[in-house]
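# Commentary on secondary and tertiary structure
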Amino acid sequence: MKYFIDHLRKSIHSQKFAGDSCGFITTPVTYREFTNCPAYVKRLVTEKNYRECPYCVAAPTRLVRKSFS
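The structure presented is a predicted model; accordingly, all values stated were derived computationally and were not measured. (Residues numbered from 1 in each chain as written. Predicted model: local features only at pLDDT ≥ 70, side-chain atom pairs only at ≥ 80, totals over all residues. Heavy atoms only, no water.)

### Some words on the confidence of the model for the protein
On average, the protein scores 86 in pLDDT, and the residues at 70 or more come to 86%. By mean pLDDT, the top-scoring element of the protein is helix α1 (residues 38-47) (96), and the lowest-scoring one is helix α2 (residues 54-57) (84). (pLDDT = per-residue confidence, 0-100. Helix = DSSP H or I, 4+ residues; strand = E, 2+ residues; numbered from the N terminus.)

Put into structure tokens, the structure is as follows:
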């Protein structure tokens, strides 16, 4: 699954980045949906006022290499 949809909070999470900070885990199972369809997700955002999770959108996409002195 590529997207986690929280129908209780009307938010959409990325499967790669969803976690405790998103609050998705506390949503009852009956309000959760999983999908791979970006067109469906886009329709929820534009027509049903769902929003993308700010934690999933701002998640780092690359590892940062740290140097040790």
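Continuing now.
### Here's the deal with the layout of surface pockets
Taken as a whole, the largest pocket encloses approximately 190 Å³ of empty space. In terms of lining, the largest pocket is formed by Lys2, Tyr3, Ile12, His13, Ser14, Gln15, Lys16, Val41, Glu52, Cys53, Cys56 and Val57. The set of elements that each furnish at least two residues to the lining of the largest pocket consists of β2 (11-14) and α2. With three residues, β2 is the single largest residue contributor to the lining of the largest pocket. (1 Å grid on protein atoms, 1.4 Å probe; cavity = no way out; pocket = protein on both sides within 12 Å on 5 of 7 lines; lining within 4 Å. Points joined across faces, edges and corners; volume = space filled by probe spheres on them.)

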